[in-house]
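Structure assessment
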Amino acid sequence: MKSRDYSPLMAQFAEDYAKHSPKSAAWHERAIQYMIDGGSNTLRLLQPFSPRIVSAKGAWVKDEDGHQILDFWQGHHANIFGHNPEMVTSALARAFSEGWGLQTGFTDRLQIEVAEIICQQTGAERIRFTTTGTLATMYAILLARTFTGRDLTLKVGGGWHGGQPWGLKGVGYRDGFAAMDSAGIPAGLSEQVLITNFNNVEKLHDDFRRYGDKLACFILEPIIGAGGLMPATKAYMQAARELTQKHGVMLILDEVISGFRFRAGTAAALYEIQPDLMTLGKAIGGGMPVAAIAGRADILSLAGRGGKVKFEGGTYAAHPACMLAGKTYMTYLIENEATIYPTLAVLGKKTRQVVTRAFADEGIYVRFAGDRNEALPGNSLHMLLFPYEEGHELMTPEEVRNPAICDLALSEKVLQLGLLLENVFTMHGLGSTTAAHTEADIQFLGEACRRFAQRIKPYL
Ligand SMILES: Cc1ncc(COP(=O)(O)O)c(C=O)c1O
């Protein structure tokens, strides 16, 4: 690992950015009077301050200072068609104009239709809606613990399932992924969460040999988000299914990112497996807060009347306006599946190619985690990496998040602020390409990367 000091560059970026975005700077001063660090989601709070957005359409957003910014964060990877997709905004506008959509506290036919769509597209027997992926994964673990009568949860190091008690171990990398990553968790809970290594079949066999009969569930993402946006290998996913089945452990696939991102349904189908439970969110809401737990009827029934798990869904669960957005979006995805997903695949590949070329032209070696992909066709989710040396596989979070292997400061904070000065918004080393990004947008990104590469060269 080389020692690189970006502090003079970051100071220069911050100075340039203050001049570039004085109105967003002023809004930030106002924001920190009331909100912790100036907002309500830590990821969105850039340093020294975030651009404050006034409008958004497709791949682009506009900020308070009038900049048109090309967005690759795209609603935390929720957007398949960019921001404010017309099919959803017009359906909502029509409903609101008819005085319908903000009534809560009842059930209606829409949530039945959305439930039918999801069950038909995912092979789930039953579904219950909630408002966030975080709640979905928490309830899924509660259900699995109750169903099996066991205590232990196995999760993958580098896996992010939202900020809930069972999800907060093994998220941050410090010589590995074991420690609990938040204070305030009930005593003893940390010992009930075991961490395994993504894409390491041998370690998985070992974990099941040792703990298989004590495990309630194994929760993992088909494509690991925070850990690098790379897909599980087919061998890994199939081992996960076989081992969980053999030991009576509930397999929970967290498809909050991957659901409806690679096809109009789950990624699990592409691995030819069916989990016991799955969690969904992001894309299924079409830009609105919809999440769900779906899967086996015998497990989900534990949440029903007379069941043991106090899973209430919440005040705004299956909110009518959200259900309308979700139904409209998923119906569009299903009807246009044959064109949308190949388009995403082509644009995703193009994004990686253009960015790699821009840096290579300036003599800088970059790689994308998840660039080789046997299982999920067309990865449109990207984490750009700056490995110190060539030759690493970069197929596990242990490699990708290891500061001795990849220059993490460069792919996170330096890249983010540097590209923002070029009017490109990125997160965790880029983000996602949507069907709203055009070839010209991707070239715009390439040119931004080229200028960024020229600015960082002296510091490498
Ligand atoms: C894989 C995965 N699971 C769960 C969550 C939590 O979802 P939410 O942010 O809707 O609570 C996220 C959020 O990024 C996620 O990526």
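Residues numbered from 1 in each chain as written. Predicted model: local features only at pLDDT ≥ 70, side-chain atom pairs only at ≥ 80, totals over all residues.

1. A closer look at the sheet that holds strand β15 (residues 424-425)
Quick reminder of the rule: By the convention used here, strands pair only if DSSP detects at least 2 bridges between them. Put simply, DSSP H or I for four residues or longer makes a helix, DSSP E for two residues or longer makes a strand, and each gets a number counted from the N terminus.
Taken in spatial order, the 4 strands of this open sheet run β1-β2-β3-β15, and their pairing is mixed. Single-partner strands in this sheet number two, and they are β1 (53-57) and β15. Of the strand pairs in this sheet, β1 and strand β2 (residues 60-63) are connected by 4 bridges, and their pairing is antiparallel. Paired with Ser55 across the bridge in β2 is Lys62.

2. Some remarks on the site of the ligand
We count it as follows: We call a residue near a molecule or strand if the C-beta atom, set from the backbone, is within 6 Å of it. Gly is put with the polar residues, along with every residue not named as nonpolar or charged; the nonpolar set is Ala, Val, Leu, Ile, Met, Phe, Trp, Tyr, Cys and Pro, and the charged set is Asp, Glu, Lys and Arg.
Neighbouring residues of the ligand: 15 residues in total, closest Thr132, Gly133, Thr134, Gly162 and Val256. No other element matches the 3 residues that helix α6 (residues 133-148) contributes to the shell around the ligand. Within the shell around the ligand, the residues separate by chemical class into 4 nonpolar, 9 polar and 2 charged.

3. Structural notes on the domain arrangement of the protein chain
Selection criterion: Note that the domain bounds reflect an automated or database-derived domain assignment. By definition, residues are in contact whenever their C-beta atoms, placed on the basis of the backbone, come within 7 Å of each other.
The assigned domain composition of the protein chain is domain 1 (7-84 + 340-459) and domain 2 (87-335). Each of domain 1 and domain 2 has a C-alpha centre, and these two points are 26 Å apart. Tallying the contact residues gives 26 residues for domain 1 and 30 residues for domain 2. Counting only elements with at least two residues in the side of domain 1 that touches domain 2, the list comes to α3 (74-77), α11 (337-361), β14 (381-385) and α12 (397-400). Classifying every residue of the side of domain 1 that touches domain 2 gives 13 nonpolar, 10 polar and 3 charged.

4. Section: the packing of helix α4 (residues 86-97) against helix α10 (residues 320-335)
Going by this rule: Only the contacting stretch of a helix is used when fitting its axis, a line to C-alpha atoms as for every element, and angles between N-to-C directions run 0 to 180 degrees. For any pair of crossing helices, the crossing counts as left-handed if the nearer helix is rotated counterclockwise from the farther one by less than a right angle, and right-handed if it is rotated clockwise.
Here α4 crosses α10 at 145°, and the two axes come no closer than 9 Å. For the crossing formed where α4 meets α10, the hand is right-handed. Seen from α4, the contacting residues are Met87, Val88, Ala91, Leu92 and Ala95; seen from α10, they are Ala321, Leu324, Ala325, Thr328, Tyr329 and Tyr332. Taken together, the residues of the contact of α4 with α10 break down into 10 nonpolar, 1 polar and no charged.

5. Section: the sheet that holds strand β13 (residues 367-369)
Judged by pairing direction, the sheet is antiparallel, and its 3 strands sit side by side in the order β13-β14-β16 without closing on themselves. The two strands at the open ends of the sheet, each matched to only one other strand, are β13 and β16 (430-432). Strand-to-strand twist in this sheet, taken as the mean axis angle between neighbours without regard to direction, amounts to 30°. Here 3 bridges tie β13 to β14, and the two strands are oriented antiparallel to one another. Along β14, the bridge assignment pairs Ala369 with Met383.

6. Notes on the pairing of strand β5 (residues 152-156)
Convention followed: Partly exposed residues are those falling between the two cut-offs: more than 12 but fewer than 20 other C-beta atoms within 10 Å of their own, whereas 20 or more means buried and 12 or fewer means exposed, with C-beta atoms placed from the backbone.
Taking burial as the measure, the 5 residues of β5 include 4 buried ones, the bulk of the element. Bridge count between β5 and strand β7 (residues 215-220): 4 bridges; the pairing is parallel. Of the residues in β7, the one forming a bridge with Thr153 is Cys217. One ladder, built from 4 bridges, connects β5 with strand β6 (residues 193-196); its direction is parallel. Each residue of the ladder has a partner; that of Lys155, found in β6, is Ile195.

7. Points about helix α13 (residues 408-420)
Defined as follows: What a helix is expected to span follows from its residue count: subtract one and scale by 1.5 Å. A residue's bend is the angle separating two fitted axes: one through the seven residues that end there, the other through the seven that start there.
For α13, with 13 residues, the first-to-last C-alpha span of 18 Å sits near the 18 Å given by 1.5 Å per residue. The sharpest bend along α13 reaches about 40° and sits at Val414. Of all the positions in α13, only Leu410, Ser411, Val414, Leu415, Gln416, Leu417, Gly418, Leu419 and Leu420 are classed as buried. Contacts made by the buried residues of α13 are with α1 (7-20), β14, β15 and α14 (439-456).

8. Here we look at the pairing of strand β3 (residues 68-71)
Judged from the 3 bridges that link them, β2 and β3 form a sheet pairing that is antiparallel. Following the sheet pairing, Lys62 is matched in β3 by Gln68. Counted along the chain from β2 to the antiparallel partner β3, the turn is 4 residues long, and its residue Gly66 has a positive phi close to 90°. Pairing of β3 with β15 involves 2 bridges; the strand directions are parallel. Bridge pairing in β15 links Asp71 to Phe425.

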